[in-house]
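Secondary and tertiary structure notes
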Amino acid sequence: MTATARPFVIAIDGPAASGKGTLARRLAEHFGFAHLDTGALYRATALIVLDQAADPADPAVAAKAAGLVHPRLLSDPRLRGEAVSAAASVVAAIPVVRQTLLDLQRNFAAHPAKPAKGAILDGRDIGSVVCPAAEVKLFVTASAEERARRRVEELRQQGTAAIFEDVLQDLKERDARDSGRRVAPLMEAPDAIVVDTTALDADAVFERASNLIARSIKEKEWQQ
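So, here's what we can say about the structure. Computed from a predicted structure; not experimentally measured. Here the residue numbering is sequential within each chain, running from 1 through the sequence in written order. Owing to the predicted nature of the model, reporting of local features is limited to residues with pLDDT of at least 70; listing and counting of side-chain atom pairs is limited to 80 or more, with chain, interface and lining totals taken over all residues. The side-chain quantities take in all heavy atoms of the structure and omit both hydrogens and water.

**Looking at helix H2 (residues 38–51)**
Compared with an ideal rise of 1.5 Å per residue, which puts 14 residues at 20 Å, H2 spans 20 Å between its outermost C-alpha atoms and is within 8% of the ideal. Buried means the residue's accessible area, taken with a 1.4 Å probe over protein chains only, is under 20% of the maximum for its type, while exposed means over 50%, and partly exposed covers the values in between. Here a helix means four or more residues in a row that DSSP labels H or I, a strand means two or more in a row labelled E, and each is numbered from the N terminus. Of all 14 residues that make up H2, twelve are buried, and the element is covered over most of its length. Within the span of H2, buried status applies to Thr 38, Gly 39, Ala 40, Leu 41, Tyr 42, Arg 43, Ala 44, Thr 45, Ala 46, Leu 47, Ile 48 and Val 49. Note on contacts: a residue pair is in contact if any heavy atoms of the two residues lie within 4.5 Å. Structurally, H2 contributes buried residues whose contacts are with strand S2 (34–37), helix H3 (59–66), helix H4 (82–91), helix H5 (95–110), strand S3 (118–123) and helix H6 (126–130). Among the residues of H2, the N-terminal cap falls to Asp 37, whose side-chain oxygen and the backbone nitrogen of Gly 39 are separated by 3.0 Å. Looking at the residues trailing H2, positive phi occurs at Ala 53, about 55 degrees. Here, expected helix span is obtained from the residue count minus one, scaled by 1.5 Å. Whenever a nitrogen or oxygen atom comes within 3.5 Å of another N or O atom, the pair is scored as a polar contact, on the condition that within protein one atom can donate a hydrogen and the other can accept it, and that pairs from neighbouring residues in sequence are kept only if both atoms are in side chains.

Next comes the structure, spelled out in structure tokens:
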């Protein structure tokens, strides 16, 4: 990448438990790109609100919490708890929260930490709102039932009791909130490549995505 060239940006969107986070981490390691799980920003916001015993649906409280989010909070293991995940979906629907966190996400994409020459961001609105000019946009999805099965397996591996029907209902409600919110709803960007992982294992998804990205990187280098 030349001194004037902008970083190569990859946007990965999709619903909860679709496999986008695992894919994003593997791709970032493979290509040497910086990675940001943007969902963690909303979970961190939710955690701050819950730690204050406040209401995640209160716009003023949630906006103040979003302004306190710092990268060091993103490694807190509590972010993966079910209560935090549910609250994160609530705060993510608040326009002022999304606006507060937008600049942080765009700055990460525009200025990936050296030596990374690119950035991968995964979330719900990366290709459509955060990085609409991303070189590669993927929309990773799977059936609600398959996503619930994966989530139950993940929770049980963590030693947490989980009932499939309850997890499935929670995912469906979260999908409805994410897709129905007024600002930056979960959606496929018009030029995104849809990857349905329902019948694919993680290795097959990675191979397909990495091949797409490698071709795009080669094309960009040829154009410069």
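**Structural notes on the packing of aromatic side chains**
The geometry of two aromatic rings is summed up by the distance between their centres and the angle between their planes. By convention, a stacked pair of Phe, Tyr or Trp rings (six-membered ring in the case of Trp) has centres within 6.5 Å and planes under 30 degrees apart, an edge-to-face pair has planes over 60 apart, and any other such pair is tilted. By the definition in use, this model includes two aromatic pairs. Ring centres of Phe 8 and Phe 33 lie 6.0 Å apart, and the angle between their planes is 45 degrees; on these two criteria the pair is classed as tilted. A residue pair is termed long-range when its members are at least 10 positions apart, and Phe 8 in strand S1 (residues 8–13) and Phe 33 in the loop between helix H1 (20–31) and S2 qualify at 25 residues. Assessed through its relative accessible area of 12%, Phe 33 is described here as buried. A centroid spacing of 6.0 Å and a plane angle of 40 degrees characterise the contact between Phe 31 and Phe 33, whose relative ring orientation is tilted. Within the aromatic cluster, the residues linked to one another by ring pairs are Phe 8, Phe 31 and Phe 33. Here the basic side chain of Arg 26 rests over the ring of Phe 206, its NZ or CZ set 4.3 Å away from the ring centre. Think of it as a cone above the ring: NZ of Lys or CZ of Arg counts as a charge over the ring if it is within 6 Å of the ring centre and within 35 degrees of the ring normal.

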